[in-house]
Amino acid sequence: MKIYFAPMEGITDGILRQAHNRIFGGVDVYCLPFHKLTQTMSLLTREIRDISPEENEGLNVLPQALTRDPEQLSAWMYYVSECGYSHADLNIGCPSPTVTKRGRGSGMLRDPFYLRAFFDRVFANTLPVSLSVKTRIGYESADEWPEILDILADYPFDHVTVHVRTMKEQYTGGIHPEAFETAVQKGIHHPVYNGDLRSVEDVNELKQRCPAAEAVMIGRGLLADPALARELRGGPEAGKDELQAWYTALYEGWAQRFHPTLALGRIKKLMEWPGEGDIRRKRLLRRADDIESCIDAILSD
Ligand SMILES: Cc1cc2nc3c(=O)[nH]c(=O)nc-3n(C[C@H](O)[C@H](O)[C@H](O)COP(=O)(O)O)c2cc1C
């Protein structure tokens, strides 16, 4: 089974990707958070750093763009190719209101007519890299999925990642695993399942339900249990020493890049993932004022 580490803007940067690969591994492809394309094609300094070969040395990565303009996407794909990569991804699933109100991300799903016209333009020319998409199953409702699938099935995507929620459902609302099966039945090329895979049991359940699920993308599950991909390959769970090394590497990397105080805030947010609802852990973390006490807070029994 192919495992993608989901892109998470503000979290899965080069520091995290490198530390993860070094300490836990098990991931086939690290997906880069989106580059928000603009008319002037000027990328942010952090976006340029994030895609640079130095930042991704030794990793298999998939850069991602957010745009509704075929020319912007095309120019960006040439840039991706010049950076030395052979694959690129388009985000048509982001549910953030600031993104969708401009018709980008899952805002693209609201207008199937435009979606088709957009991909007609994109695929009218030879592409410098292969293109995949990351989508949701609708804007307002899962009833929109068959029409979206009809469109996606008509283009030669490298793969199609399906976050089995609508825009409205954001990240925690209802989930529709059956929509993935519909994509498989429709003959979508290399569909990748995404959404709420938190444990080996969750992935096994998916495989039972849908044996054709050959690839999964995992985000929050890998933050909560960074050894999850390794476990899915039959490897061991995360040891305490590994978790200590993981959080230390993240803190040191981020403290150097941003500022120690900001790095600590970032680490605390990340550490809250495994213990959602764990009041004691939250209290200990809130009181912690250095990385050592943060690590103690989450590794104490
Ligand atoms: C903080 C945050 C940032 C995200 N940034 C991106 C992004 O840049 N590009 C993208 O395609 N998805 C992004 N996502 C969505 C995730 O990639 C993923 O689809 C989502 O978390 C569901 O998968 P999971 O249940 O395994 O976490 C983001 C999600 C979160 C929570």
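Residues numbered from 1 in each chain as written. Predicted model: local features only at pLDDT ≥ 70, side-chain atom pairs only at ≥ 80, totals over all residues. Heavy atoms only, no water.

S.K.: I would appreciate a short explanation of a negative patch on the surface in the present structure.
M.R.: Negative charge collects at one region of the surface, where E252, D289, D290, E292 and D296 lie side by side. Note that D290 resides in the loop between α13 (279-287) and α14 (291-299). (Patch = residues over 30% accessible without salt bridge, like charges linked within 9 Å, V, L, I, M, F, W, Y side chains within 5 Å. Areas by Shrake-Rupley, 256 points an atom, 1.4 Å probe, with all protein chains shown as cover. Salt bridge = Lys/Arg side-chain N within 4 Å of Asp/Glu carboxyl O. Lys, Arg positive; Asp, Glu negative; His and termini not counted. Charge placed at Lys NZ, Arg CZ, Asp CG, Glu CD. Helix = DSSP H or I, 4+ residues; strand = E, 2+ residues; numbered from the N terminus.)

S.K.: I keep staring at the environment of L243 and nothing clicks. Help me out?
M.R.: On the secondary structure map, L243 appears in helix α11 (residues 240-257). In sequence terms L243 and V80 are 163 residues apart; their C-alpha atoms lie 33 Å from each other. Apart from residues no more than four positions distant in its own chain, L243 is found in contact with F24, P226, A238 and L299. (Contact = heavy atoms within 4.5 Å.)

S.K.: Got a minute to help me understand the packing of α11 against helix α12 (residues 260-272) in this structure?
M.R.: Helix-helix packing is described using two parameters, namely the angle between the two axes and the distance between the axes. With their axes 8 Å apart at the nearest point, α11 and α12 run at an angle of 145° to one another. Here the hand of the crossing between α11 and α12 comes out right-handed. Packed against α11, whose contacting residues are Y247, L250, Y251, W254 and A255, the element α12 presents P260, A263, L264, R266, I267, L270 and M271 at the interface. (Axes fitted to C-alpha atoms, helices over the stretch in contact; angles between N-to-C directions. Left-handed = near helix turned anticlockwise from the far one by under 90°.)

S.K.: Explain the side chain of K268 here, please?
M.R.: Structurally, K268 can be placed in helix α12. Within the structure, K268 has its side chain in polar contact with the backbone oxygen of A288 (distance 2.7 Å). For K268, the residues in contact, after removing those within four places along its chain, are L285, R286, A288 and C294. (Polar contact = N/O pair within 3.5 Å; in protein donor to acceptor, adjacent residues only side chain to side chain.)

S.K.: Before we go on, may I ask you to explain the environment of H190 in this structure?
M.R.: With respect to the element layout, H190 can be found in the loop between α7 (178-185) and β7 (191-194). Sequence separation between H190 and A212 is 22 residues, and the spatial gap between their C-alpha atoms is 9.4 Å. Not counting the four nearest positions on each side in its chain, H190 is found in contact with D158, H159 and V160.

S.K.: What should I look at first to understand the packing of aromatic side chains in this one?
M.R.: For any pair of aromatic rings, geometry is given as the distance between the ring centres together with the angle between the planes. Under the criterion given, the structure shown has 11 aromatic pairs. Between F24 and W246 the ring centres are 5.6 Å apart and the planes differ by 80°, which places this aromatic pair in the edge-to-face class. Of this pair, F24 sits in the loop between α1 (14-23) and β2 (29-36) while W246 sits in helix α11, and the two are 222 residues apart along the sequence. Per residue, the accessibility class of F24 equals that of W246, and both read buried. Ring centres of Y114 and F118 lie 6.3 Å apart, and the angle between their planes is 45°; on these two criteria the pair is classed as tilted. Here Y114 pairs with F118, and both are found in helix α5 (residues 112-122), just 4 residues apart, close to one helical turn. Put simply, the rings of Y114, F118, F119, F123, Y155 and F157 pair up and form one aromatic cluster. (Phe/Tyr/Trp six-rings, centres within 6.5 Å; stacked < 30°, edge-to-face > 60°. Buried < 20%, exposed > 50% of the residue type's maximum accessible area, 1.4 Å probe, protein only.)

S.K.: Where do I start with the nonpolar core in this structure?
M.R.: One recurring pattern in soluble globular proteins: nonpolar side chains tend to sit buried together. Ranked by internal contacts, the top residues of the largest apolar core, which has 86 residues, are L73, F119, L152, F157, W246, Y247 and L250. Sorting elements by how many residues they give to this core places α11 first, with 8 residues. Setting aside its immediate chain neighbours within four residues, F119 contacts L90, V133, I151, L152, Y155 and F157. Core analysis: the next-biggest nonpolar cluster, separate from the first, contains 8 residues, A6, C31, L62 and M217 among them. (Core = buried A, V, L, I, M, F, W, Y, C linked by side-chain atoms within 4.5 Å.)

In short, geometric facts, not functional conclusions.
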